[in-house]
Amino acid sequence: MALQITCQPELAKCGDGCEFLVLPFWEGAEPAADHSLWKDSIEAPLSSGDFKGKVGEKLLAYSTKGRILLLGLGKKEKVNAEVLRRAYSAAARMAQAKKVKSLCLLFPKSEMKRDELLRGVAEGIFLTNYAFTHLKGDSIKDNPCVLLEEVTFLGLDQSEEEALKKWYTIASGVYLVRELINGNADDVTPQMLAETAKSLEKRSRSLKLTLLERKQLEKEKMGLLLAVNRGSSQEPYLIVLSYKGDPKSEEHVVLVGKGITYDSGGLSLKPTDGMLDMKCDMGGAATVLGAVQTAAALNLKVNVTAVVPTSENSIDANSYKIGDVYRAMNGKTVEITNTDAEGRLVLADGLAYAVEHLKPTAMIDVATLTGAIVIALGEEISGLFCNNDALAGDLMTASDAVTEALWRMPIPVEYKEMLKSDVADMVNSAGRTASSITAALFLQEFAGSVPWAHLDIAGTCYRKKNKHYNTTKATGFGLRLLVDFLERRQK
Ligand code: BES
Ligand code: MN
Ligand code: ZN
């Protein structure tokens, strides 16, 4: 159900209707808005001195009208959108713990840029207001999960509702990404991803879907995607979802997402622990489909296409074989040295398809590609690999703007040697040494001369625990970054 968002400029109008009111404070317990209406109710809790107003600090008080949450925003001079996101995510979690459906928040006053202020507060609430509970059975009955259905922004003018709705549209994109990643791998199959793209196309007049099934994949000679698919009982697809928001422009951003709906490793079978999270291996696919959907929902003036090569990497008597050579769509031959390095294979055909058919002016692939990037950069930072400094700079700008961290990694030509094969043009896996880099070097071979970037989101896509506005498991990392990137591309 969509969240109901209301702006209420007159504070007094809130009155009795609020079952859960959030009042903001700077560090030192200095009010960050006009609290005079609630003076009587908060005097006692404040005078205890317990509440200091540090970022995300909470003190719950009770008045005859309802709950009042004192919320800390930290030092006034240090506030920014990310601080607000974190603080308001703490408020949303408190609302969840108290199982309230409706929340009023007194909007903070700050010197910050208006847009940043609105974005921080709104995203803090919206991004936190998500839980994946479909797979819980009876165990959830004793402690049902209640999400907000209604948020009232007190002290905001009606004219600012538009901005809030925009941040909600983007948050809805994040929900879609999370939902696809969190779903059972037995449900979120390549076919289901294809059907999701179909339903996105149906819902928006500006989206157009081209769906390649096995026959067309064979005709296009996408030998690497077909090889990965051989061990699976699920059909492979190439999903091509386009949004043309600027028909007069030649600019065309192509986003290629890794769509491995489950990664068992294939014949190079993963150990149990390594397989546990492998439903997340279509995280790149979810991100690029979500980004194109969101670009359309926001009517951005850009042309952008999501390309998703999708398959399971399963195991079977017909599995593709270690030591055999398979041929990519662009003619390059690949000796398989490890069937668990499957992501780069399907992406290679996806990139080659884009180069051949879509006239991209920039390509960005998004993939849960390597375990090594998790070791190198952890859960908070994704790896950025790029053959073009201007494109890398634009992605960094977007990354800073939305606080989805990227770290630029090198793609040294010297390391290309590691991908040499005695029997084919290249091997798919060069072993453990610098394996995130050799994976990127492999992909680069399929980008031709197009400005290309690769985001390795293996560490950031899926996490063990809640943190700030990131909910458990799927985070949706990359969606806000790509949407911001596209927004800045508008002419
Ligand atoms: N899907 C995995 C990478 C991954 C690891 C994603 C952990 C999310 C969390 C990928 O297909 C893979 O198996 N990569 C191998 C490559 C190796 C065989 C060269 C890896 O990183 O171990
Ligand atoms: Mn793998
Ligand atoms: Zn994988």
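Above this note sits the structure.
Throughout, a residue's number is its position along its own chain's written sequence, starting from 1. As a convention, the first chain written is A and the first ligand written is 1, with the rest following in written order. Predicted model: local features are reported for residues with pLDDT of at least 70 only, side-chain atom pairs are reported and counted for 80 or more only, and whole-chain, interface and lining totals are derived from all residues. With hydrogens and water excluded, all non-hydrogen atoms of the structure serve as input to the side-chain values.

**Student:** Quick rundown of a nonpolar patch on the surface? Include the residues and the values.
**Tutor:** Each patch is built from residues that are more than 30% exposed by relative accessible area and take part in no salt bridge. Like charges join if they lie within 9 Å; nonpolar side chains (Val, Leu, Ile, Met, Phe, Trp, Tyr) join within 5 Å. Method for areas: the Shrake-Rupley scheme with a 1.4 Å probe, in which residue coverage is limited to the protein chains shown. For salt bridges, the criterion is a side-chain nitrogen of Lys or Arg within 4 Å of an Asp or Glu carboxyl oxygen. The grouping of Leu267, Leu269, Ile315 and Ile322 at the surface amounts to a nonpolar patch, some 340 Å² of accessible area in total. A run of DSSP states H or I qualifies as a helix once it reaches four residues; a run of E qualifies as a strand once it reaches two. Both are numbered from the N-terminal end. With respect to the helices and strands, the residue Ile315 is situated in the loop between strand E12 (303-313) and strand E13 (325-327).

**Student:** Help me get a handle on the side chain of Arg85, residues and values and all.
**Tutor:** Inspection of the secondary structure puts Arg85 in helix H2 (residues 81-97). A simple rule labels every residue: compare its accessible area, found with a 1.4 Å probe on the protein chains alone, to the largest value its type can have, and call it buried under 20%, exposed over 50%, or partly exposed in between. Exposure remark for Arg85: the relative accessible area of 0% places this residue in the buried category. Contacts are residue-level and defined by heavy atoms, with any inter-residue pair within 4.5 Å sufficient. The residues contacting Arg85, other than those within four sequence positions of it, are Arg119, Gly120, Glu123, Gly124, Ala401, Val402, Thr403, Tyr469 and Arg480.

**Student:** So what's going on with the site of ligand 1? Residues and values would help.
**Tutor:** What makes a residue near a molecule or strand is one non-hydrogen atom of that residue sitting within 4 Å of it. Ligand 1 sits among 15 residues. The nearest are Asp263, Lys270, Asp281, Asp340 and Gly371. Lys270 places a side-chain nitrogen or oxygen 2.8 Å from an oxygen atom of ligand 1. Here a polar contact is recorded for every N or O atom pair within 3.5 Å, except that within protein the pair must consist of a potential hydrogen donor and a potential acceptor, and residues adjacent in sequence are included only if both atoms are side-chain atoms. Between ligand 1 and the protein, one listed contact pairs an oxygen atom with a side-chain N or O atom of Asp340 at 2.8 Å. The fraction of the free accessible surface of ligand 1 (530 Å²) that becomes covered by protein chains is 82%. Only Asp, Glu, Lys and Arg are considered charged in this grouping, and only Ala, Val, Leu, Ile, Met, Phe, Trp, Tyr, Cys and Pro are considered nonpolar; every other residue, Gly among them, is considered polar. Here the shell around ligand 1 is built from residues that sort into three nonpolar, five polar and seven charged.

**Student:** Can you explain the pairing of strand E11 (residues 259-263)? Please cite residues and give values.
**Tutor:** Extensive coverage of E11 is indicated by the burial of four of its five residues. What makes two strands pair is DSSP finding at least two bridges between them. Bridge count between E11 and E12: three bridges; the pairing is parallel. By the bridge assignment, Ile260 is partnered in E12 with Ser311.

**Student:** Provide a residue-level description of the coordination of the manganese ion (ligand 2), including the pertinent values.
**Tutor:** A donor here means an N, O or S atom no more than 2.8 Å from the metal, or no more than 3.2 Å when the metal is Na, K or Ca. Since water is not included, a site may seem to lack partners. Coordination of the manganese ion (ligand 2) by the protein involves Asp263 (OD), Asp340 (O), Asp340 (OD) and Glu342 (OE), with metal-donor separations of 2.1 to 2.2 Å. Irregular is the default label, applied whenever a site is not tetrahedral (four donors, all angles between 85 and 135 degrees) and neither square planar nor octahedral (four or six donors, opposite donors over 155 degrees apart, all other angles between 65 and 115). Each of the six donor atoms bound to the manganese ion (ligand 2) contributes to angles spanning 71 to 170 degrees, and the resulting shape is irregular. Each donor residue of the manganese ion (ligand 2) lies on the same chain, and together they follow the pattern D-x76-D-x1-E. Between the two metals, the manganese ion (ligand 2) and the zinc ion (ligand 3), the spacing is 3.1 Å, and Asp263 donates to both. When its relative accessible area of 23% is taken as the criterion, Asp340 is described as partly exposed. By relative accessible area, Glu342 is classed as buried at 0%.

**Student:** Talk me through the environment of Leu441; I want residue IDs and the actual numbers.
**Tutor:** Tracing the sequence through the fold places Leu441 in helix H13 (residues 435-444). On the accessibility criterion, Leu441 (1% relative accessible area) is buried. Taking the C-alpha atoms as reference, Leu441 lies 44 Å from Leu147; in sequence the two are 294 residues apart. Dropping the residues within four chain positions of it, Leu441 is found in contact with Ile411, Pro412, Tyr415, Lys416 and Leu419.

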